[in-house]
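Architecture and fold: a report
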Amino acid sequence: MIASALQSIRSQIPQDVEIVAVSKFHPVSSLMEAYQAGQRSFGESRPQEFAAKVPQMPSDVRWHFIGHLQTNKLKLVLPYVTMVQSVDSLHLLEAISRWGQANGRRTDVLLELHLGAEETKQGFSEEEILDIVTRPEASFPGVRIRGLMGMATNTDDESLIEADFARIQALFKQISGACLDQLSIGMSGDWPIALRHGATMVRIGTSIFGPREY
Ligand SMILES: *Cc1c(COP(=O)(O)O)cnc(C)c1O
């Protein structure tokens, strides 16, 4: 099931777009099925669950943290993570940078742009992101800002999703550069639209692993 779902998705997504398999709430046995089918990038959203899964999976897994991260949970996440995609406040960015300095490491991060009319207020505004990326590089010595992440409005109305992705694509075009080259948009329900808006990474859970049981 998982292997064939992955194969089908891969056949529809260009090779140079990274597929992050969002495995939150799914058991390690399911992650291993995906791993055995060649999947190496996985996305998790809860620090405790993430920390429990890491030692149970092969060491060449690339872990993407995609959920809300509180600064008192950094120790559970940062030692093992390839990228934190969900940096949604200056406070968090600075804390990750300080941890990196203290531990001799630069963590790749994406800045999350607040999109949509959603109840959730998670994410930066365009202005805040422009402010951060135009600061001198030395401002955040323990991180490497690699790009933007966004979640479109949760709706069946494709025009609203298009509008959200157009907004983040425009900002990405404005700020992208040599190192700042990643645009993470698109989930199970909207990745085809995200591809049309320049996604370099898609985060797909349900279409690979099936529904989550909360
Ligand atoms: C859960 C989650 C996804 C995956 O959602 P699906 O609809 O299951 O593909 C992608 N991105 C983020 C930030 C998530 O929390």
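All chains use their own residue numbering, which begins from 1 and follows the written sequence. In view of the model being predicted, local features appear only for residues whose pLDDT reaches at least 70, and side-chain atom pairs are presented and counted only at 80 or more, with totals across whole chains, interfaces and linings using the full set of residues. The basis for every side-chain value is the complete set of non-hydrogen atoms in the structure, without hydrogens or water.

What surrounds the ligand is the set Val 22, Lys 24, Ile 66, Met 151, Met 187, Ser 188, Arg 203, Ile 204, Gly 205, Thr 206 and Arg 212. Nitrogen and oxygen atoms within 3.5 Å of one another constitute a polar contact, given that in protein one can donate a hydrogen and the other can accept it, and given that sequence-neighbouring residues count only through two side-chain atoms. A distance of 2.8 Å is found between a nitrogen atom of the ligand and a side-chain nitrogen or oxygen belonging to Arg 203. Within the contact set of the ligand, an oxygen atom lies 2.8 Å away from a backbone nitrogen or oxygen of Gly 205. Methods summary: accessible areas were calculated by the Shrake-Rupley approach with a probe of 1.4 Å, and residue burial reflects only the protein chains presented. Burial of the ligand by the protein chains amounts to 90% of its free accessible area of 390 Å². Classifying every residue of the shell around the ligand by side-chain character gives 5 nonpolar, 3 polar and 3 charged. Each residue is tested against the molecule or strand, and it is near if at least one of its non-hydrogen atoms lies within 4 Å. Under the convention adopted here, Pro, Cys and the residues Ala, Val, Leu, Ile, Met, Phe, Trp and Tyr are nonpolar, Asp, Glu, Lys and Arg are charged, and Gly plus all remaining residues are polar.

Let's shift gears to the environment of Arg 105. The residue Arg 105 is located in the loop between helix H5 (90-102) and strand S5 (107-112) in this model. Residues Arg 105 and Arg 144 lie 39 residues apart in sequence; the distance between their C-alpha atoms is 9.8 Å. The residues touching Arg 105, leaving out its near neighbours within four places in the chain, are Leu 78, Pro 79, Tyr 80, Trp 99, Gly 100 and Gly 142. Secondary structure counts use DSSP, requiring at least four H or I residues in a row for a helix and at least two E residues in a row for a strand, with both numbered from the N terminus. The contact criterion used throughout is that any non-hydrogen atoms of two residues lie within 4.5 Å.

Exposure categories follow from relative accessible area, calculated using a 1.4 Å probe and restricted to protein chains: below 20% of the type maximum is buried, above 50% is exposed, and the middle band is partly exposed. For S5, the buried fraction is high: 6 of the 6 residues fall into the buried class. A two-sided burial pattern is seen for S5, the buried positions comprising Thr 107, Val 109 and Leu 111 on one face and Asp 108, Leu 110 and Glu 112 on the other. Strands are labelled as partners when DSSP assigns at least two bridges between them. Sheet topology places strand S4 (residues 83-87) next to S5; 3 bridges connect them, and they run parallel. Each residue of the ladder has a partner; that of Val 84, found in S5, is Val 109. In this fold, S4 hands off to H5, which returns the chain to S5; that crossover is right-handed. Of the pairings in the sheet, the one linking S5 to strand S6 (residues 143-149) comprises 6 bridges and is parallel in character. Residue pairing across strands places Leu 111 opposite Leu 148, the latter belonging to S6. Handedness of a crossover: with both strands directed away from the viewer, a clockwise path from the first strand across the helix to the second marks it as right-handed.

Moving on to unusual backbone geometry. Positive phi, normally seen in glycine, also occurs at Phe 25, with a value near 70°. Residue placement: Phe 25 occurs in the loop between strand S1 (18-22) and helix H2 (28-36). By relative accessible area, which is 23% here, Phe 25 ends up partly exposed.

With that settled, the discussion passes to the packing of aromatic side chains. In this scheme Phe, Tyr and Trp rings, the latter by its six-membered ring, pair at centre separations within 6.5 Å, and the angle between planes marks the pair as stacked below 30 degrees, edge-to-face above 60, and tilted otherwise. This structure, assessed with the given rule, holds 3 aromatic pairs. For the pair Phe 42 and Trp 63, a centre-to-centre distance of 6.0 Å together with 45° between the ring planes defines the contact as tilted. Note that Phe 42 is positioned in strand S2 (residues 41-44) and Trp 63 in strand S3 (residues 62-65), a separation of 21 residues in sequence. Overall, the relative accessible area of 3% leaves Trp 63 in the buried class. With a centroid separation of 6.0 Å and 85° between ring planes, the pair formed by Phe 50 and Phe 65 is classed as edge-to-face. Pair noted here: Phe 50 is in helix H3 (residues 47-53) and Phe 65 is in strand S3, with a separation of 15 residues, a long-range link.

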